[in-house]
Amino acid sequence: MPSLFYHLLGQGEAVILLHSSLSSKSQWLPLQSQLAKTHQTLAIDLIGYGDNRQTPRFPFRLNSEIELIDTLLKSHGMSDRPFHIIGHSYGGSIALKMASQYSQQVVSLNLYEPVSFHLLEQNSGASQEAHQLGEQVLAFIHQEKWYEATEYFVDYWNAPGSFASMDKATQEKLMQRAKALIANFEALYEEPMTLSALENLDIPCHLMFGEYSPKPTQSIIKELQGIWPHAHISRIEAGHMGPLTHSQLVNTAILEQLTLQN
């Protein structure tokens, strides 16, 4: 497996770091550098992002990402070891799926607003808003309107005008990654896992959300809090992209909880 797909750093108890859509393993580099003092950390480029040039195979499911992660764990002799998972947005959704499948190995979960839209109450306002996001982004992509698709997606999760304010090089990079959004939305909308599949998960869980985040992700955090009443909750003075825009706040919260979880 080419090393470009991931960044392995440190020694000790294992930590897997999973990034958001349109991002890459590099979003976790500051946190990974700190964690590597005491842990073996594995930050992974998910399919279609960063240096991972794999083309998604359809039908695409979250298990497609987990197969990639499992391959990396095996290649480094980590497949039978316990591990922590840190996930943001789309990466958080993969983390939840992994927790249900690797419940005997997952030591803890640190999740910043997993976009697990399948966990929302069907036909609720939050669910409808999430589906509207996906439908509009995919409509632009199918018309090959890459600027419009990326702008709509970025501005939804940040603020109106966010994409337009970026330099051209950053815009181009994000537009190239936007093709993977087709796979991401399909995986999220078609995921069969329910809240009941997670409610008996008996591990420390740290749920983080941004004070200014959209309704769907705040609602998902509330749903998870409902089945995990003992989960630690961190309210971050940021939006959905807090791990990037307010990384010091988010990373500090994660480090504090990992210290308690060890």
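Small disclaimer: the values here were computed from a predicted structure and weren't measured.

Analysis parameters
Here the residue numbers are simple positions, counted from 1 along each chain's written sequence. Only residues with pLDDT of at least 70 get local features here, since the model is predicted, and only at 80 or more are side-chain atom pairs given and counted; chain-wide, interface and lining totals rely on the full set of residues. To obtain the side-chain values, all non-hydrogen atoms of the structure were included, while hydrogens and water were left out. Whether two strands pair depends on DSSP finding at least two bridges between them. Put simply, DSSP H or I for four residues or longer makes a helix, DSSP E for two residues or longer makes a strand, and each gets a number counted from the N terminus. Working convention: axes come from line fits to C-alpha atoms, limited for helices to the stretch in contact. Angles between N-to-C directions cover 0 to 180 degrees. Contacts are assigned to residue pairs with any non-hydrogen atoms lying within 4.5 Å of each other. Classification of residues uses two cut-offs on accessible area relative to the type maximum, computed with a 1.4 Å probe and protein chains only: under 20% is buried, over 50% is exposed, and between them is partly exposed. Each aromatic pair joins two rings of Phe, Tyr and Trp (for Trp, the six-membered one) with centres within 6.5 Å, and gets the label stacked for planes under 30 degrees apart, edge-to-face for over 60, and tilted for any other angle. Charge over a ring is defined by NZ of Lys or CZ of Arg lying within 6 Å of the ring centre and within 35 degrees of the ring normal.

Peer 1: How should the sheet that holds strand β4 (residues 83–88) be read in this particular structure?
Peer 2: Across a sheet, paired strands are connected by hydrogen bonds in the backbone, their directions being either parallel or antiparallel. Read across the sheet, seven strands follow the order β1-β3-β2-β4-β5-β6-β7 without closing on themselves; strand pairing throughout is mixed. Each edge of the open sheet is held by one strand with a lone partner, namely β1 (6–9) and β7 (232–236). The mean angle between the axes of side-by-side strands here comes to 15°, regardless of whether they run parallel or antiparallel. Here strand β5 (residues 106–112) runs beside strand β6 (residues 205–210); their pairing, made up of four bridges, is parallel. Counterpart to Y112 in the pairing with β6 is M208. The sheet strands contacting helix α2 (residues 62–75) are β1, β2 (13–18), β3 (39–44) and β4, and the helix crosses β3 at an angle near 140°. Seen against the sheet, helix α10 (residues 247–261) touches β4, β5, β6 and β7 and runs at an angle of roughly 160° to β5.

Peer 1: Would you take a moment to explain the environment of P59 for this structure?
Peer 2: Note on placement: P59 falls in the loop between β3 and α2. Classification of P59 by relative accessible area gives exposed; the value is 60%. Considered as a pair, P59 and E186 are 127 residues apart in the sequence and their alpha carbons are 7.8 Å apart.

Peer 1: Any chance you could explain the packing of aromatic side chains here in plain terms?
Peer 2: Aromatic ring pairs are described here by two measures, namely the spacing of the ring centres and the angle between the planes. Summed over the entire model, instances satisfying the criterion amount to nine aromatic pairs. Between F153 and F185, the ring centres sit 6.1 Å apart and the planes meet at 85°, which makes this aromatic pair edge-to-face. Taken together, the positions of F153 in helix α5 (residues 146–157) and F185 in helix α7 (residues 180–189) put the pair 32 residues apart, joining distant regions of the chain. One exposure class covers both F153 and F185, and it is buried. Every member of this aromatic cluster is reached through a ring pair, and the members are F117, F153, Y156, W157, F185 and Y189. Cation over ring: K179 sits above W146, and NZ or CZ is 5.8 Å from the ring centre.

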